[in-house]
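# Structure at a glance
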Amino acid sequence: GAGAGAGAGAGAGFPDAMYTEAGAEMVPSAKDAYSNDIVMKLHVPTTAEVEMLGDRTLIAQIVASKNAEVVDKLAANGATVFDMTQLSRTLSRGQAFDTLSSQANLAGYRAVIEGVHALRRPMAGMMTSAGRIKPAKVLVLGAGVAGLQAIQSAKNMGAQVYAFDVRSVVAEQVESLGGKFLMVEGEEGAGAGGYAKEMTPEWFEKARAMLEKELTDVDLCVTTALIPGRPAPELLTEQQLQAMPAGSVVVDMAAESGGNYKGVKPGEMFESDNGVKVIGFTDLSDRLAPVASSLYGNNLTKFFVSMETSKGNFGVNMDDEAVRSTALLLSGDRVPPFVPPPPPAPKVEAKVEEEVVEVDPKVATWSDARSQTGIIAASTLAATMVPNGPMLNIFVLSNIIGQRVVEGVTHALHSPLMSVTNAISGMTVVGGLYQMGGGLFPTNATEFFGASAVLLSAVNIAGGSIVTHKMLDMFRRPDDPPEYNEYYFLPAAVVGSGYVATKMAGWNGMDTVMPILSGLGCIGGINALSSQKTARLGNVIGLSGIGLGLLGTFATAGFDVPTALQASALLGAGGLVGYQVAQKISPTELPQTVAAFHSLVGLAACATAAGDFARHLGGAPLDAFHNFAIYGGMAIGAVTATGSLIAFGKLNGNLPSSPLALPGRDPLNAAMAAATLAGGAGFLMTGEPGMAAAALAAGAVVPGLLGAHMTASIGGADMPVVITLLNSYSGWALCSEGFMMDKPLLTVVGALIGSSGWMLTSVMCKGMNRDLKNVILGGWGAKAAAPKAEGAEDGPLLAHTEINVDDAVERLKLADKVVVVPGYGLAVANAQADVAEITRRLTKDHGVEVSLIPNPKPLHLTLTLTLTLIVTLALAP
């Protein structure tokens, strides 16, 4: 049981009743208290207390270097003693046991309070009708735990705070608290264990000259410099004290160890002959007894609990650095001073010489030539099946342009590129507009499908554009100049107005020009994303291209007034829905929103294909290529729609991020792919409308299931690549519409999106170390992880080191290489700019090589982390 001496906490405001309530047994005398097996105490015991302790265990602040005689008596009695002042300061876990730091924090605060009490002026500046009062000037000598607390306390009171320390590495900590660090050029004063070391006389001479100049107008000076086991260094000379103004105050926190001012009187306050008050109180933390006792008690309790054995008993584990460093006596035997172990030597891995296989240039060239011949022959054969030669030319050239444009886009802008191409893929609206009719409301299946495509596409265009704008805004630095990219809507507005004017005048000469301008706008929008300077302009150019395409389609679709009103209403309603949805999402929801909007493109492609089929149902038979385009648009649109919805679910947390591992996953995918091809063959070969409709329906349902299952079978870490691949698919669906409806604009934009998406998918797979074939085929060949047994543990906790903020800062600055892995907290906190600033300081100020890599863990937020990463990279100059 736990016992406490009667009245032990009275001076700190803890009556005996509180101890009893906590479960302690109150003992009437000190002798009874010392009869417990383990005694916890604050200061070094007196001679009488040593005798009462006997051979029991003592945990206290002994300060063995100053109390050798007491230590000898404890050893003679056979006591076991732990000196908390000897705790290793390099042990991060030891912070919870660090009594010196907890008490120094309070002492630093109290030192300022005592100084202010003796100071005959306010700390903060004031503006009164009688005049202005400047803030007090405070100088803190020593920026350790106590010094930093003194700096913060004085700053919180409104003073101008300056600080000085032999360790220049603490300058950033001082400045982070609002103080100004006074620097002396020369040697570095950081010593072992985080303490300051003793400096050379030459360095002290420079420091004294600088401080003497600063002290001439200081109101309060707090000295805190201490070196364990040694007399306090002299930081304030008599000459410097004489330079201070009358009425100023010095608080010497090192008075108990001889003082940083050698004229200090420990435990007293006196006034020098020049009117400076010198305070040498040695009980600063004791003057905050309730808090000091609580903190000290927490330190000792945590230290004691850490020594508990697996059987619940008290044990001394000398392999524990906290125990080993504080152990002073073990059953009377002296424990040698603790020497921190040297850092482990870097492992030198034996270099394995790779066997160099000589490649015969003749064989390699012949192999490559055969591969290229096969590709060209297959492409030529496929081209002969396309009845529309000019459209084929447009298709091929647009593919080449799409690949070249993406090759120039910087890696940091891949996610915004994916978003802007998603918005441009909303050009499926063109196919829907050409199918509309019936007046204010659709009157048949074709018109209904066309209206559906227009509505869905409008949602995607508006929402996708705003999502892209939000993504690109995340790249802006706070000090970036304002941008007025909206002015670049002017060219499209002028061209569009001129086009409307010419149409009203009865001239149709611009009808063929508008699709070309629209296609160029979409190409220019993607191309503008090749650099940070023009990235946000790219969104404007892309929207201009979409707008010109819509205007040209509207003008050539042959609408009567009621149908035009119907189309306008659908475009407006869809645009409003997309705008409202996109405006409400947060930065961490941008990636999944792209996936959600992208599913609408797939549905619009399906609707357009169904509408074209319904338009020609019962009429003259269509050629095989037209039917192929209808079925291809339906199948690809279905894969895009369902795959995008599954990707949204994984990213949004609605579905598990881990890959779906159904039994026979690969054969199931293969069977659905075969069924899709069989449905296509049936659609092309049958001449019976009912059979054709059934085959087309199968071409929607089966590919839809295939897209959902393949995406679900891929882990969350691969979702960025999957969405980009689906984006590519939507481009090919748009191409199908172009061939199906003989609209070059759709072929241009579709080929642009399809080829650029394919190239971007390949680039992202390489950058994320993913297998492109595995992603395309829905995890084909990948082995599913064995299910975790119920109740099974995650495995042993790997070796790790706990660390605090100050240590982390120092280790970062002293590192050669640093790798930053963005996590969800970084994304939620929008701390990209902060990490970029840390990166900038480490690289430029400290010469550290910093790398940033995406989190490989398959979480549903991987795309968010990837976006966070690229924004961080872009912000870090």
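Data block above holds the structure.
Let us look at the structure shown here. (Residues numbered from 1 in each chain as written. Predicted model: local features only at pLDDT ≥ 70, side-chain atom pairs only at ≥ 80, totals over all residues. Heavy atoms only, no water.)

## What to know about the overall build of the chain
Let me state the cut-off plainly: Secondary structure is summarised from DSSP: a helix means a run of H or I of at least four residues, a strand means a run of E of at least two, and numbering begins at the N terminus for each. We call a residue buried when its accessible area falls under 20% of the maximum for its residue type, exposed when it is over 50%, and partly exposed in between, using a 1.4 Å probe and counting protein chains only. Only heavy atoms matter for contacts: two residues are in contact if any of them lie within 4.5 Å across the pair. Method for areas: the Shrake-Rupley scheme with a 1.4 Å probe, in which residue coverage is limited to the protein chains shown.
Scanning the chain from terminus to terminus reveals 31 helices and 18 strands. Each of the 877 residues in the chain was classed as buried or not, and the buried ones make up 47%. A fraction of 71% describes how many contacts in the chain between residues 6 or more apart in sequence connect residues 24 or more apart. In the structure as shown, the chain presents an accessible area of about 42,300 Å², 61% of it carried by carbon and sulfur atoms.

## What to know about the sheet that holds strand β9 (residues 160-164)
Here is the rule we go by: Here, strands pair whenever DSSP counts at least two bridges between them. Interaxial angle, 0 to 180 degrees, is taken between N-to-C directions of lines fitted to C-alpha atoms, where a helix line uses only the stretch in contact.
Spatially, the seven strands line up as an open sheet ordered β10-β9-β8-β11-β12-β14-β13, and their pairing is mixed. The open sheet is flanked by β10 (180-182) and β13 (269-271), the only strands paired with a single partner. Sheet twist, expressed as the mean angle between neighbouring strand axes with direction ignored, is 20 degrees. Bridge count between β9 and β10: three bridges; the pairing is parallel. By the bridge assignment for β10, Ala163 is matched with Phe181.

## Comments concerning the pairing of strand β18 (residues 849-852)
Here β18 shows a buried face lined by Val850 and Leu852 and an unburied face lined by Glu849 and Ser851. As paired strands, strand β17 (residues 817-820) and β18 are joined by four bridges and run parallel to one another. The residue bridging Val819 from the neighbouring strand is Ser851, located in β18.

## Some thoughts on the nonpolar core
Going by this rule: The set of buried Ala, Val, Leu, Ile, Met, Phe, Trp, Tyr and Cys residues whose side-chain atoms join them within 4.5 Å is what this entry labels a nonpolar core.
In this structure, Leu433, Phe683 and Val749 are the most contacted members of the largest nonpolar core, which totals 58 residues. If you tally residues by element for this core, the top one is helix α26 (residues 744-767), at nine residues. Counting 31 residues, the second-largest nonpolar core is a separate cluster that includes Ala104, Ala107, Ala159 and Val249.

## Section: helix α22 (residues 624-652)
Residues that lie three or four places apart on an α-helix share one face, since the helix turns once every 3.6 residues. Keep this limit in mind: How far a helix is expected to stretch is found by multiplying one less than its residue total by 1.5 Å.
For α22, spanning 29 residues, the distance from its first C-alpha to its last is 42 Å, which sits close to the expected 42 Å at 1.5 Å a residue. When you tally the buried positions in α22, you get 22 out of 29 residues, the bulk of the element. Of the residues one or two after α22, Gly653 is the one with positive phi, at around 85 degrees.

## Structural notes on the pattern of salt bridges
Working definition: two side chains of opposite charge can pair if their charged atoms are close together. What counts is decided by this rule: Counted as salt bridges are all cases of a side-chain nitrogen of Lys or Arg within 4 Å of a carboxyl oxygen of Asp or Glu.
Applying the stated rule across the entire model yields 14 salt bridges. The salt bridge involving Asp511 is made with Lys503; its shortest N-O contact spans 3.2 Å. Members of the salt-bridge network, linked through shared partners, are Arg110, Glu114, Asp283 and Arg287.

## Focus on the side chain of Thr468
Heads up, the condition is: In protein, a polar contact requires one atom able to donate a hydrogen and another able to accept it; more generally it is a pair of N or O atoms within 3.5 Å, and residues adjacent in sequence count only if both atoms are side-chain atoms.
Structurally, Thr468 is set in helix α16 (residues 445-473). Of the polar contacts made by the side chain of Thr468, one reaches the backbone oxygen of Gly464; its length is 2.8 Å. Each residue touching Thr468, except ones within four places of it in the same chain, is listed here: Pro416, Ser419, Val420 and Asn539.

## Side note on a nonpolar patch on the surface
Cut-off, in case you're wondering: Without a salt bridge and with relative accessible area above 30%, a residue can belong to a patch; like charges are then joined within 9 Å and nonpolar side chains (Val, Leu, Ile, Met, Phe, Trp, Tyr) within 5 Å.
Together, Leu440, Phe441, Val561 and Leu565 give the surface a local cluster of nonpolar side chains, amounting to about 450 Å² of exposed area. By the element assignment, Leu440 lies in the loop between α15 (428-435) and α16. The exposure class assigned to Leu440 is partly exposed, which follows from its relative accessible area of 48%.

## Quick notes on the sheet that holds strand β5 (residues 80-83)
The five strands lie next to each other as β3-β4-β5-β15-β16, forming an open sheet whose pairing is mixed. Only two strands of the sheet have a single neighbouring strand rather than two, namely β3 (38-40) and β16 (333-334). Two elements, strand β4 (residues 57-60) and β5, share four bridges in a ladder whose sense is parallel. Bridge pairing in β5 places Ala60 opposite Asp83. Running at roughly 35 degrees to strand β15 (residues 327-330), helix α4 (residues 68-76) makes contact with β4, β5, β15 and β16 of the sheet.

## Topic: the packing of helix α13 (residues 389-407) against helix α25 (residues 719-741)
This is how it is decided: Any angle from 65 to 115 degrees is called roughly perpendicular, while one under 35 is roughly parallel, one over 145 is roughly antiparallel, and all others are oblique. Take the far helix as the reference: if the near one is turned anticlockwise from it by less than a right angle, the crossing is left-handed, and if turned clockwise, right-handed. Here the term charged refers only to Asp, Glu, Lys and Arg, the term nonpolar to Ala, Val, Leu, Ile, Met, Phe, Trp, Tyr, Cys and Pro, and the term polar to all other amino acids, Gly among them.
In the contact formed by α13 and α25, the axes pass within 11 Å of each other and the chain directions differ by 160 degrees. Here α25 runs roughly antiparallel to α13, going by the angle between their axes. As α13 packs across α25, the resulting crossing turns out to be right-handed. Taking contact as the criterion, the partners of Met391, Leu392, Phe395 and Asn399 in α13 are, on α25, Trp732, Cys735, Gly738 and Phe739. Residues belonging to the contact of α13 with α25 are distributed by class as follows: six nonpolar, two polar and no charged.

## Focus on the side chain of His626
Tracing the backbone shows His626 in helix α22. In contact with His626, not counting residues within four places along its chain, are Asp612, His616 and Met740.

## Considering the packing of aromatic side chains
Here is the rule we go by: Only Phe, Tyr and Trp rings take part, Trp by its six-membered ring, and two of them pair if their centres are within 6.5 Å. Stacked means planes under 30 degrees apart, edge-to-face means over 60, and tilted covers everything else. Comment: the charge-over-ring label is applied if NZ (Lys) or CZ (Arg) is within 6 Å of the ring centre and within 35 degrees of the ring normal.
Taken as a whole and assessed by the stated rule, the structure comprises 12 aromatic pairs. Taken together, a centroid distance of 5.8 Å and an interplanar angle of 15 degrees make the contact between Tyr484 and Tyr487 stacked. When its relative accessible area of 59% is taken as the criterion, Tyr487 is described as exposed. Judged by centre distance (5.7 Å) and plane angle (50 degrees), the ring pair of Phe613 and Phe683 falls under tilted. In this pair, Phe613 sits in helix α21 (residues 590-616) while Phe683 sits in helix α23 (residues 665-685), placing the two residues 70 residues apart along the sequence. The residues Phe613 and Phe683 share a single accessibility class, namely buried. One aromatic cluster is present, built from ring pairs that chain together Phe395, Phe625, Phe628, Trp732 and Phe739. Positioned above the aromatic ring of Tyr434, the side-chain terminus of Lys743 is 3.9 Å from the ring centre.

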